[in-house]
Amino acid sequence: MITIDNLSRTYGSTVAVDHVSFVAEAGRVTGFLGPNGAGKSTTMRMIVGLTQPTTGTATIAGRRFADLPNPGVEVGVMLDASAQHAGRTGREILGIAQQTMGVPARRVDEMLELVSLTSAEADRRVGNYSLGMRQRLGVGTALIGNPRVLVLDEPANGLDPAGIRWMRDLLRDFADGGGTVLLSSHLLREVEIIADDIVMIGQGRIVCQGSKASLLRGEGSVARAADARALLRALHASGHDATVTSDGALTTAAEPSVVGRVAVEHQLALTELRAAESGLEDMFLELTANTQRDTRRERTVA
Amino acid sequence: MTTLTRTPPAQALDRDAPIPLARVVRVELRKMFNTRSGFWLLASLVIVGVLATVGTILVAPDDQLTHNTFAAAIGFPMTIVLPIIAILSITGEWSQRTGLTTFTLVPHRGRVLVAKTIASVVVGIAAMLVALVVGVVGNVVGTTISGTDLVWDLSAAQFGTIVVGSLLCLLTGTMLGMLIRNSPGALVTYFVMTLVLPTLFGILAANQADFADVRPWVDAELARSFLFEGPPTGEQWGQVATTALLWLVLPALVGLRFVVRSEVK
């Protein structure tokens, strides 16, 4: 479990992170979302003690990161997969982590297998690696100490679709085994699929947080019927506002149970009926609207 | 995949056992030489030692083919290469951004720097011992070729002061690494300190009689040269200590403060 309490960081008069508090629970994947420069990476650096907070604390299972006797076996960290010595081989990078943590040397080969780097690739220097290979190596380095907590900054960056699927399965598996995963991303689709909880920040402040299920639950329903026009008339007759979208689906503010009852009363066959979901992307853009670079520019132009 | 992530290591690992300093030192030693640049720096120590020995045999007059000549010929290039190794071992954490990993695996930066300093000193002493052995071989081979008598004129005490002098050079590199935290910047500063600054001091001393008396107390390069040129007097030891305090210890403390407080990005 990662507990972040009232964490802030200022640089001169610039506030990078502004009194952020949230908890990443064990057994769950917490997605940390926000536009570029929102303070995600600064927050993650403060968790692992690379940046000193101006106010507040971050603890892992109740302890400050710097108080962990051997942090690598408690917390797997990958903040930037490219932050590696270009002249060192992948195998040596894993070896250094393994030796520092004092875990058995065979963990190096186990991790290479886990992240699907071949022996030949492992003996190449990291300067020749693609971004996806560096991400795999970074994940291997984070997992080599068999930690219970993972802190990953943009882990899906640079991975191909198969790699993204692999990463998703790996993190799901880790959380299902009782581990805590905190991952940042601006790949909304990825977060929408993998995260159990979502923390969204903009301009250093939390704009919303909660379980994905509760955040994405929208109002109203979406329905399709064999005769969409008839369903529309029936809903109007029952006093519900409804519209037919260009693809023939019908959206209404009425709950699915109401739509179902109306359809039965009018003996209309439904082909689809579900609660409307607000997409993460819409929510992201809406909630961070006044912090987005692009809208900021529009406003200054206007 | 599933089994690999979940299976704990066979021998139970004590998660609360702190990382011993000796382990951090071993890791730092490994990091010095497992990069391409690190490997060639180490190789250059050996290559330069052999080249210097061969050069001495070919060039030096027969009556000067003594152990001392060989030791000096090998020792000088080492005073250039050793500080570079010390500088890169520290600045690489910033220039190559490996500090992101290093300082999260060992979240006490002072400890990492102590380990790096110890590792550099270990390399320095090992290199000096290699130089001593190469010098012995060179002396035996050289005098055999020239047919002159073997002269063993390097005393243990003299070797000791040469080691101290070389370590001061090396630690200057450590200090600059901490203070500047950028490979090119620290390397340039090192050569300014060891090549440009002594020249300026020399010009100043030649024109200002007052300064000539003070110079050994402020010119670290001059004071260090006493260690390489035979047994230093008590006053010279004092000058070595004073310049080391001024040009090594004080800036190192400032650098340590920078390292501990700075943000690692």
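Source: prediction; values computed, not measured.

### Brief notes about the overall build of chain B
Here comes step 1: Helix and strand content of chain B: eleven helices and zero strands.
Here comes step 2: Taking the principal axes of its C-alpha atoms as reference, chain B extends roughly 75 × 50 × 30 Å.
Here comes step 3: Within chain B, the proportion of its 265 residues that are buried is 48%.
Here comes step 4: Of the contacts formed within chain B by residues at least 6 apart in sequence, a portion of 73% connects residues at least 24 apart.
Here comes step 5: Accessible surface for chain B amounts to roughly 12500 Å². Of this, 70% is attributable to carbon and sulfur atoms.
Here comes step 6: The averaged location of the 15 negative side-chain charges in chain B is 24 Å from the averaged location of its 17 positive side-chain charges.

### Topic: a nonpolar patch on the surface
All names here are of chain B.
Here comes step 1: On the surface, Val133, Val136, Val137, Val140, Val141, Ile145, Leu150 and Trp152 cluster together into a nonpolar patch covering about 690 Å² of accessible area.
Here comes step 2: Its location among the elements puts valine 140 in helix 6 (residues 109–146).
Here comes step 3: With relative accessibility at 34%, the residue valine 140 sits in the partly exposed group.

### Looking at the nonpolar core
Here comes step 1: Formed by 79 residues in total, the largest nonpolar core has its most connected members in A:Ile2, A:Ile4, A:Ile47, A:Val75, A:Leu79, B:Met78 and B:Leu82.
Here comes step 2: Setting aside anything within four residues of it in sequence, one finds B:Met78 in contact with B:Leu45, B:Pro83, B:Ala127, B:Met128 and B:Ala131.
Here comes step 3: Formed by 51 residues, the second largest nonpolar core is a distinct cluster that contains A:Leu112, A:Leu150, A:Met167 and A:Met200.

### Observations concerning the interface of chain B and chain A
Here comes step 1: Taken together, the 42 residues of chain B in the interface contact 52 residues of chain A.
Here comes step 2: Interface area for chain B against chain A, summed over the two sides, is near 4200 Å², with a carbon-plus-sulfur share of 55%.
Here comes step 3: Between A:Arg45 and B:Glu263 there is a salt bridge, with its nearest N and O atoms 2.9 Å apart.
Here comes step 4: Run the count over chain B and chain A and you get 20 residue pairs in polar contact (both at pLDDT 80 or more).

### Quick word on the side chain of A:Glu190
Residues and elements named next belong to chain A.
Here comes step 1: By the secondary structure assignment, glutamate 190 is in helix 7 (residues 188–194).
Here comes step 2: Residue glutamate 190 is classed as buried on the basis of its relative accessible area, which comes to 14%.
Here comes step 3: Within the structure, glutamate 190 has its side chain in polar contact with the side chain of arginine 168 (distance 3.2 Å).
Here comes step 4: For glutamate 190, the contacting residues outside a window of four places in its chain are Ala156, Ile164 and Arg168.

### Remarks on the UniProt feature "transmembrane region" (unreviewed entry) in chain B
All names here are of chain B.
Here comes step 1: Residues annotated in UniProt with the feature "transmembrane region" (unreviewed entry) correspond here to residues 39–58, 70–92, 113–137, 157–180, 187–206 and 237–260.
Here comes step 2: The straight-line gap between the two end C-alpha atoms of residues 70–92 is 33 Å; of that span, 100% is helix and 0% is strand.
Here comes step 3: Taken end to end, residues 157–180 is 100% helix and 0% strand, and its first and last C-alpha atoms sit 35 Å apart.

### Quick look at the pattern of salt bridges
Here comes step 1: Enumeration according to the criterion identifies 25 salt bridges over all chains in this entry.
Here comes step 2: Close ionic contact of A:Glu74 with A:Arg148 constitutes a salt bridge, the shortest N to O distance being 3.5 Å. With A:Glu74 in the loop between strand 5 (63–64) and strand 6 (75–78) and A:Arg148 in the loop between helix 5 (131–143) and strand 7 (149–153), this pair connects stretches of sequence that are 74 residues apart.
Here comes step 3: Residue A:Glu74 is classed as buried on the basis of its relative accessible area, which comes to 8%.
Here comes step 4: Here A:Arg172 makes a salt bridge to A:Asp176, at a shortest N to O gap of 3.4 Å. Here A:Asp176 and A:Arg172 lie together in helix 6 (residues 161–176), a separation of four residues that amounts to about one turn.
Here comes step 5: Overlapping salt bridges bring together A:Arg63, A:Glu74, A:Arg148 and B:Asp16 as one network.

### Section: the packing of aromatic side chains
Here comes step 1: Applying the stated criterion to the full structure yields five aromatic pairs over all chains.
Here comes step 2: Pairing B:Trp94 with B:Phe103 gives two aromatic rings, centres 5.6 Å apart and planes at 50°, and the pair type is tilted. In this structure, B:Trp94 and B:Phe103 share a single accessibility class: buried.
Here comes step 3: Taking the centre distance of 5.7 Å and the plane angle of 20° together, the rings of B:Phe201 and B:Phe211 count as stacked. On the criterion of sequence distance, the pair formed by B:Phe201 in helix 8 (residues 183–207) and B:Phe211 in helix 9 (residues 209–218) is long-range, its members being ten residues apart.
Here comes step 4: Judged by its relative accessible area of 13%, B:Phe201 falls in the buried class.
Here comes step 5: Relative accessible area serves as the criterion here: at 15%, B:Phe211 is assigned to the buried category.
Here comes step 6: Sitting above the plane of the A:Trp166 ring, A:Arg136 keeps its charged end 4.7 Å from the centroid.
Here comes step 7: The ring of B:Phe103 carries the charged tip of B:Arg109 above its face, separated from the ring centre by 5.7 Å.

### Considering the pairing of strand 3 (residues 29–33) of chain A
Residue and element names in this part refer to chain A.
Here comes step 1: With five of its five residues buried, strand 3 lies for the most part within the structure.
Here comes step 2: Of the two faces of strand 3, both are covered, the one formed by Val29, Gly31 and Leu33 as well as the one formed by Thr30 and Phe32.
Here comes step 3: Across five bridges, the pairing between strand 3 and strand 8 (residues 180–185) is parallel. Looking across to strand 8, one finds that valine 29 is bridged to valine 181.
Here comes step 4: In this sheet, strand 9 (residues 197–202) lies alongside strand 3 in parallel orientation, the contact comprising four bridges. Directly across from phenylalanine 32, in strand 9, lies its bridge partner valine 199.

### Observations regarding helix 3 (residues 106–114) of chain A
Here comes step 1: When helix 3 of chain A is considered as a whole, its buried residues turn out to be A:Arg107, A:Val108, A:Glu110, A:Met111, A:Leu112 and A:Leu114.
Here comes step 2: The positive-phi residue at the C-terminal boundary of helix 3 of chain A is A:Ser116, with phi of around 60°.

### Focus on unusual backbone geometry
Here comes step 1: In this structure, A:His19 is a non-glycine residue whose phi angle is positive, near 45°.
Here comes step 2: A:His19 gets classed as partly exposed once you look at its relative accessible area, which sits at 47%.
Here comes step 3: Of note in this structure, B:Arg97 is not a glycine but carries a positive phi near 60°.
Here comes step 4: Assignment of secondary structure puts B:Arg97 in the loop between helix 4 (67–95) and helix 5 (99–105).

### Describing the environment of B:Ile47
All names here are of chain B.
Here comes step 1: Note on placement: isoleucine 47 falls in helix 3 (residues 36–59).
Here comes step 2: Here isoleucine 47 falls in the partly exposed class, since its relative accessible area comes to 44%.
Here comes step 3: Note: C-alpha distance between isoleucine 47 and phenylalanine 33 (14 residues apart in sequence) is 16 Å.

### Structural notes on the confidence of the model for chain B
Here comes step 1: Of the residues in chain B, 95% have a pLDDT of 70 or more, and the chain-wide mean is 88.
Here comes step 2: If you check the scores for this complex, the pTM reads 0.86 and the ipTM reads 0.88.

Rules and cut-offs
Residues numbered from 1 in each chain as written. Chains lettered and ligands numbered in written order. Predicted model: local features only at pLDDT ≥ 70, side-chain atom pairs only at ≥ 80, totals over all residues. Heavy atoms only, no water. Helix = DSSP H or I, 4+ residues; strand = E, 2+ residues; numbered from the N terminus. Buried < 20%, exposed > 50% of the residue type's maximum accessible area, 1.4 Å probe, protein only. Contact = heavy atoms within 4.5 Å. Areas by Shrake-Rupley, 256 points an atom, 1.4 Å probe, with all protein chains shown as cover. Lys, Arg positive; Asp, Glu negative; His and termini not counted. Charge placed at Lys NZ, Arg CZ, Asp CG, Glu CD. Patch = residues over 30% accessible without salt bridge, like charges linked within 9 Å, V, L, I, M, F, W, Y side chains within 5 Å. Salt bridge = Lys/Arg side-chain N within 4 Å of Asp/Glu carboxyl O. Core = buried A, V, L, I, M, F, W, Y, C linked by side-chain atoms within 4.5 Å. Buried area = accessible area lost by both parts, 1.4 Å probe. Polar contact = N/O pair within 3.5 Å; in protein donor to acceptor, adjacent residues only side chain to side chain. UniProt positions renumbered as here; feature names shortened; annotations may be inferred. Phe/Tyr/Trp six-rings, centres within 6.5 Å; stacked < 30°, edge-to-face > 60°. Lys NZ or Arg CZ within 6 Å of the ring centre and 35° of its normal. Pairing = 2+ DSSP bridges. pLDDT = per-residue confidence, 0-100.

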